[in-house]
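# Architecture and fold: a report
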There are 2 protein chains.
Amino acid sequence: MTLSDELRISIDGKWRHVREQSRKELAEMDLLYDHDLTLKEARARVLEQMKGLVATGMPAAGFSVEAGGTGDPGMAVTGIEMLAQFDLSLMVKAGVQWGLFGGAIENLGTQSHHDRYIKDLINLDILGCFAMSETGHGSNVQNLETTATYDPSTQEFVIDSPTFSSRKDYIGGAAEHATVAAVFAQLITKGEGHGVHCFVVPLRDDEGNDLPGVTTMDDGHKGGLGAVDNGRLSFDHVRIPRENLLNRYGHVDEGGTYSSPIDNVNRRFFTMLGTLIRGRVSVGGSASAACEVALSIAGRYALKRRQFGPDDDNEIVLMDYRMHQRRLLPLIARSYAYRFAQNQLVARMDSLQRSEHPDPQKARELEGRAAGLKAAQTWHATDAIQEAREACGGAGYLAENRLTTLKGDSDVFTTFEGDNHVMFQLLSKELLTSYATEVGGLDAVGLVKFAAATATDVVKERTAASNLIQRLIDARPGKGDDHDLMDRGTQLSLFEDREEHVLETAARRLRRAAGKDDQAAFEIFNAAQDHVIRCARVHVQRIVLEAFTAGIARCEDPEAQELLRTLCSLYALTEIESDLAWFMGHNRISDARAKTVTNLINDLLDQLRPHTLTLVEGFGVPEQSLGAAMLLTEGQ
Amino acid sequence: MTLSDELRISIDGKWRHVREQSRKELAEMDLLYDHDLTLKEARARVLEQMKGLVATGMPAAGFSVEAGGTGDPGMAVTGIEMLAQFDLSLMVKAGVQWGLFGGAIENLGTQSHHDRYIKDLINLDILGCFAMSETGHGSNVQNLETTATYDPSTQEFVIDSPTFSSRKDYIGGAAEHATVAAVFAQLITKGEGHGVHCFVVPLRDDEGNDLPGVTTMDDGHKGGLGAVDNGRLSFDHVRIPRENLLNRYGHVDEGGTYSSPIDNVNRRFFTMLGTLIRGRVSVGGSASAACEVALSIAGRYALKRRQFGPDDDNEIVLMDYRMHQRRLLPLIARSYAYRFAQNQLVARMDSLQRSEHPDPQKARELEGRAAGLKAAQTWHATDAIQEAREACGGAGYLAENRLTTLKGDSDVFTTFEGDNHVMFQLLSKELLTSYATEVGGLDAVGLVKFAAATATDVVKERTAASNLIQRLIDARPGKGDDHDLMDRGTQLSLFEDREEHVLETAARRLRRAAGKDDQAAFEIFNAAQDHVIRCARVHVQRIVLEAFTAGIARCEDPEAQELLRTLCSLYALTEIESDLAWFMGHNRISDARAKTVTNLINDLLDQLRPHTLTLVEGFGVPEQSLGAAMLLTEGQ
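Residues numbered from 1 in each chain as written. Chains lettered and ligands numbered in written order. Predicted model: local features only at pLDDT ≥ 70, side-chain atom pairs only at ≥ 80, totals over all residues. Heavy atoms only, no water.

## Concerning the sheet that holds strand S4 (residues 168–172) of chain B
Residues and elements named next belong to chain B. Here 3 strands make up an open sheet; going across it, the order is S4-S8-S7 and the pairing antiparallel. Each edge of the open sheet is held by one strand with a lone partner, namely S4 and strand S7 (214–218). Averaged over all adjacent pairs, the angle separating strand axes in this sheet is 35°, with direction ignored. (Pairing = 2+ DSSP bridges. Helix = DSSP H or I, 4+ residues; strand = E, 2+ residues; numbered from the N terminus. Axes fitted to C-alpha atoms, helices over the stretch in contact; angles between N-to-C directions.)

## Points about helix H11 (residues 360–391) of chain A
All names here are of chain A. Over its 32 residues, H11 extends 45 Å from the first C-alpha to the last, a length consistent with the 46 Å expected when each residue adds 1.5 Å. Where burial is concerned, most of H11 is hidden: 26 out of the 32 residues are buried. Backbone nitrogen of Gln361 and a side-chain oxygen of the N-cap are separated by 2.9 Å at the start of H11; the cap is Asp359. Of the residues trailing H11, Gly393 is marked for its positive phi of about 55°. (Expected span 1.5 Å × (residues − 1). Buried < 20%, exposed > 50% of the residue type's maximum accessible area, 1.4 Å probe, protein only. Polar contact = N/O pair within 3.5 Å; in protein donor to acceptor, adjacent residues only side chain to side chain.)

## A few points about the nonpolar core
In this structure, Tyr336 and Phe548 of chain A together with Tyr336 and Phe548 of chain B are the most contacted members of the largest nonpolar core, which totals 382 residues. Dropping the residues within four chain positions of it, Phe548 of chain A is found in contact with Ala333, Tyr336, Ala337, Phe340, Leu564, Leu567, Cys568 and Tyr571 of chain A. (Core = buried A, V, L, I, M, F, W, Y, C linked by side-chain atoms within 4.5 Å. Contact = heavy atoms within 4.5 Å.)

## What about helix H8 (residues 265–275) of chain B?
Residue and element names in this part refer to chain B. Of the positions making up H8, those classed as buried are Arg268, Phe269, Phe270, Met272, Gly274 and Thr275. For H8, the secondary structure elements touched by its buried residues are helix H6 (88–108), strand S6 (192–202), strand S11 (258–259), helix H9 (277–302), helix H10 (322–354) and helix H11 (360–391). Where H8 begins, the capping side chain belongs to Asn264, and its oxygen is found 2.8 Å from the backbone nitrogen of Asn266.

## Some details on the pattern of salt bridges
Scanning all chains against the criterion turns up 82 salt bridges over all chains. Here Glu134 of chain B and Lys168 of chain B are joined by a salt bridge, their closest N and O atoms 3.0 Å apart. Of this pair, Glu134 of chain B sits in the loop between strand S1 (128–131) and strand S2 (147–151) while Lys168 of chain B sits in strand S4, placing them 34 residues apart in sequence. The exposure class of Glu134 of chain B is buried, given its relative accessible area of 0%. Among the charged side chains, a network of salt bridges with common partners joins Asp5, Arg8, Asp12, Arg19, Glu20, Arg23, Glu81, Glu292 and Arg339 of chain A. (Salt bridge = Lys/Arg side-chain N within 4 Å of Asp/Glu carboxyl O.)

## Digging into the packing of H11 of chain A against helix H19 (residues 529–554) of chain A
Residue and element names in this part refer to chain A. The geometry of H11 relative to H19 is characterised by a closest axis approach of 10 Å and an angle of 90° between their N-to-C directions. In terms of orientation, H11 lies roughly perpendicular with respect to H19. When H11 is examined against H19, the residues Arg369, Gly372, Leu373, Ala376 and Trp379 are found in contact with a partner set consisting of Arg537, Val540, Ile543 and Val544. Split into classes, the residues belonging to the contact of H11 with H19 amount to 6 nonpolar, 1 polar and 2 charged. (Parallel < 35°, antiparallel > 145°, perpendicular 65-115°, else oblique. Nonpolar A, V, L, I, M, F, W, Y, C, P; charged D, E, K, R; others polar.)

## Some points on the relation of the copies chain B and chain A
Mapping chain B onto chain A calls for a screw motion: a turn of 180° about the axis and a shift of 0.0 Å along it, with 0.0 Å RMSD after fitting. Overall, the copies show the geometry of a two-fold rotation axis. Rotation axis and chain B: the residue whose C-alpha lies nearest the axis is Ala581 of chain B, separated from it by 2.1 Å. (Least-squares fit on C-alpha atoms with pLDDT ≥ 70 in both.)

## Quick word on the sheet that holds strand S8 (residues 230–235) of chain A
Hydrogen bonds along the backbone pair up the strands of a sheet, which may run parallel or antiparallel. Residue and element names in this part refer to chain A. Spatial ordering of the open sheet is given by S4-S8-S7, a layout of 3 strands whose pairing is antiparallel. Each having just a single partner strand, strand S4 (168–172) and strand S7 (214–218) make up the two edges of the open sheet. Each adjacent strand pair in this sheet contributes to an overall mean axis angle of 35°, direction not counted. Bridge count between S7 and S8: 5 bridges; the pairing is antiparallel. Opposite Met217, over in S8, you have Arg232 as the bridge partner.

## Brief notes about the interface of chain B and chain A
On the chain A side, the residues contacting the 82 residues of chain B number 82 residues. Inspection of the region where chain B meets chain A yields 6 salt bridges. The closest approach of N and O atoms between Glu400 of chain A and Arg232 of chain B, which form a salt bridge, is 3.0 Å. Where chain B meets chain A, there are 58 residue pairs in polar contact (both at pLDDT 80 or more). Those elements that provide at least two residues to the side of chain B that touches chain A are H10, H11, helix H12 (393–396), helix H13 (403–410), helix H18 (518–527), helix H19 (529–554), helix H21 (580–585) and helix H22 (591–608) of chain B.

Next comes the structure, spelled out in structure tokens:
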């Protein structure tokens with residue numbers, strides 16, 4: 001077993017068998033994007049690829065045994081992540097069909113919906129789409145404009161797009177393939193609105209023509225994801241049977257009387273959204289997977305490509321340059337860090353989704369964490385893939401070397417599931433209200449009013465290996481020691497302490513809203529918005545460091561463990577360096593210690609440089625997915 | 001005259017007439033990229049567009065009257081920048097034909113070459129390409145492998161690509177259109193090498209077939225610039241007449257005797273490169289132009305798009321959010337700053353290129369500055385276009401809204417003319433050696449050895465309005481004043497002072513190489529590489545702030561001047577904020593003052609928020625180029 005094997009095992013996590021199986025099966029399937037195809041051809045090809053996935057068992061894993069699946073949520077999410085190492089269009093198409101559309105049917109529907117749709121959607125006998133976003137509402141989905149009005153005379157819902165801004169937009173599958181949509185719309189019955197619910201709406205007939213009242217449109221070319229047929233949907237009083245309401249959280253009887261197990265309209269909606277968490281988890285993990293491919297390519301190129309050197313006859317490889325080490329190694333370290341954090345997230349999600357009666361507090365924590373990690377991972381992917389492209393120069397700009405495709409495809413992941421700032425804000429809200437179930441929604445006014453009313457202490461719950469972390473913190477050397485920034489306990493304590501301070505000061509600012517009217521409360525929130533969002537950012541950095549620390553403790557190979565320790569310090573110090581002014585200004589790091597940070601990082605780079613190949617091999621990206629022409633050619 | 005007109009006039013600079021003319025003429029030409037075309041169709045279309053440009057007079061402006069042009073370098077570069085506001089493929093194609101290929105003929109050739117090629121290349125009767133980069137050498141072009149060996153028996157040069165890595169790569173025009181190439185190759189005569197020179201090599205016959213010994217290849221799909229036919233060239237002992245050597249800086253007589261006006265081989269090569277500076281200037285300016293388009297689109301969208309708000313019925317526009325202001329306004333401020341700096345650079349270049357006997361020291365300063373501003377502007381474009389895309393959410397990801405095209409097209413500008421880190425390193429070298437002409441090349445060992453041998457003081461030459469800047473610095477309030485960070489003199493002094501310190505400490509580190517061998521000298525350089533590159537970064541920030549300050553002084557409208565002042569402070573404080581740890585750690589900004597920086601920035605955002613539309617209108621991007629569907633539709 002090589003050192004890179006040990007690393008791979010360490011970050012493969014609990015669903016390693018799924019990863020190993022995918023690496024083998026997917027490598028044989030010719031999945032890399034072909035830029036010579038037209039949109040139409042690329043879309044047709046990806047649909048064929050999906051048919052190949054059915055046999056792998058991954059699609060069925062996402063559904064409970066009762067509903068017709070095999071009941072392995074962790075496998076489903078891990079399988080999606082693995083697709084992302086090959087082609088993000090395929091990952092998104094699979095995610096839409098089995099994750100979003102299928103997830104809506106299973107989680108928002110009841111037995112009859114399961115019986116009617118799940119087997120068929122697993123096998124692709126039904127192609128669905130997930131019609132939530134509208135042209136006018138992407139992040140604020142509680143305010144969608146599409147209506148579903150119950151007509152008791154025919155026992156039908158009438159689905160309608162009353163305005164231009166209410167058309168469904170960016171919907172994967174809407175442009176070509178989907179024959180049915182899970183449509184989110186305001187449920188109205190007996191003249192009263194009950195908030196957003198989900199309805200199954202047929203879109204096309206067997207020949208692919210729009211059904212009466214349905215208008216499908218094509219979003220056309222995008223920044224990437226060429227094989228995903230994103231489109232728009234507009235409904236002109238389209239009638240669907242009453243049974244097409246996915247009625248787990250809201251039911252309308254024949255006479256039009258509404259009932260729901262959850263009375264509060266806010267809580268009801270966010271409970272519904274909460275059941276769809278798998279999408280958010282998959283987006284973050286898939287962005288990280290794509291990022292690992294890019295870093296694997298750039299790392300290998302940096303070990304091969306020579307430019308300049310001590311003299312004309314001795315050009316050295318790019319990776320021997322301090323600046324190139326600076327460009328790539330911290331990003332590789334962060335990718336390892338995020339993988340540990342993502343594995344932990346998937347494990348928690350899996351266990352929660354298998355539970356009969358999931359703890360609501362735990363569910364909210366998971367939602368907040370999924371939102372924060374989604375933002376952190378997708379931004380990291382955006383940054384790292386960009387850096388990987390630039391680090392490969394002109395070669396990096398050619399499609400044959402894959403980096404620009406990874407870049408274009410992954411770009412929208414910062415927008416998927418809601419803009420990243422909205423994601424961070426959502427997590428911050430959970431943190432600032434200690435996951436109080438009373439504060440549903442994303443509503444800023446609700447947040448500040450709640451925060452103002454409750455002088456609750458900020459929760460500082462450790463996310464992993466709590467005892468180990470406490471031991472490390474207790475054992476940290478005194479503050480005076482020049483070298484203690486390299487100590488894990490010191491790093492953990494700095495991250496914890498910063499989070500506590502940032503959260504407490506944010507809460508204090510928001511409490512000024514006590515007794516104010518909505519407008520004033522909103523203004524207080526808005527003036528502090530950058531501070532509020534920062535809460536999530538520093539929280540995520542802390543839980544990621546904890547996950548990394550716990551992951552190292554689980555690693556069984558001493559040599560790999562040592563390498564991971566060095567990598568973890570690089571992660572921690574890079575994050576500290578990027579926020580150094582805060583640590584200095586708040587007397588957490590003295591001016592003298594602060595000046596050592598850059599040198600400490602450079603020392604770590606020197607230690608890690610010889611392991612560059614091992615580190616990128618540790619990501620376990622299959623050779624076929626690395627298929628960059630510049631890595632294959634001789635004599636450069 | 002509106003306030004935005006005044007802003008536009010202020011940043012249009014000396015070649016305002018060219019900008020005004022371009023805005024009118026180009027708007028009528030249907031230049032925006034069409035993603036429905038195949039590569040081949042897109043390439044054919046851009047060639048037609050180029051023909052339309054000939055009549056505008058822009059192509060002729062780039063050549064001296066003697067050579068057959070109209071002799072207005074500033075107009076030529078400004079004209080290229082204006083193309084970048086419409087389509088970067090067209091900008092690159094035009095830049096290759098008239099800037100790079102034409103520039104090589106004019107600047108490296110002599111009268112007979114001018115007579116033979118210039119008129120024809122202006123009118124597109126000859127289509128050329130600029131074959132410098134090789135698969136194995138992009139940044140280190142002094143070490144190109146292609147050879148041009150003189151054969152006195154036939155009075156021909158034999159052009160050869162001896163290795164795989166010596167094939168010319170990423171060459172715009174090589175895949176399809178170019179019939180002739182300016183090929184950079186090692187000149188060898190009488191068994192002796194004289195360094196890289198440029199040769200005119202015919203590539204294709206009238207039917208477009210490769211000429212004997214020439215192999216052209218297609219680089220295929222790229223991350224953007226779809227209409228640019230980048231390709232590869234390989235030469236198998238291709239014979240060209242002796243006269244095809246562009247012989248201004250190196251001549252071979254019939255018998256094979258080499259002569260040059262510049263003895264030193266290093267200096268000769270870098271003098272040759274120096275004459276091609278216009279490419280570098282155009283790349284930086286064009287990246288900024290594309291960036292202005294993206295910010296104009298995102299700024300307008302942020303004023304139109306509503307999401308969330310104090311309550312469900314009162315959603316507010318994105319631009320009213322603190323976070324959205326934070327995302328966009330500092331980037332807009334930096335774009336203004338760079339435009340002032342770019343205008344100054346173009347004016348200096350213009351004056352130097354019009355001069356009969358340009359001052360070599362000034363020429364080197366210009367080269368260094370062009371390199372630094374190219375890096376700064378292209379990175380800014382990469383960041384800002386990315387942010388603009390994300391700030392427009394899902395809509396920003398659709399090609400119809402232009403941002404992804406701007407992103408994909410501009411991405412490679414950080415690589416053009418050499419990787420940005422190499423560009424910064426080149427500027428740093430000039431700064432650390434006080435523009436000493438003895439230190440030609442990019443050679444790290446040469447740099448450290450020179451820096452070690454000469455204890456020369458770092459030059460602190462002000463780049464603009466020196467008296468004004470000194471007055472502002474002298475008049476700055478005392479350090480103790482809490483509000484002095486808003487004072488321009490304080491800001492200027494902080495930037496100057498930081499640059500001096502960073503340069504001096506870098507020079508001190510390099511001086512340790514005194515007396516060491518090449519390998520040891522290189523290692524000393526490499527260990528300090530991040531520090532060396534930082535010299536250029538802080539220098540560029542200083543000269544940009546100076547250019548902004550000087551630009552404000554030239555503005556004649558008091559209201560516009562006031563707005564620019566606020567914008568300039570936002571630029572300065574954002575740069576200070578991003579390097580705050582340095583200013584604190586070096587006792588330039590106290591901990592207490594440091595804590596005010598974020599609040600000062602937020603105050604500036606409040607002041608600038610009402611002017612968002614005015615500010616983006618000030619960029620003067622023509623309506624046609626803003627053609628984003630999401631801005632045109634109603635009812636969002």
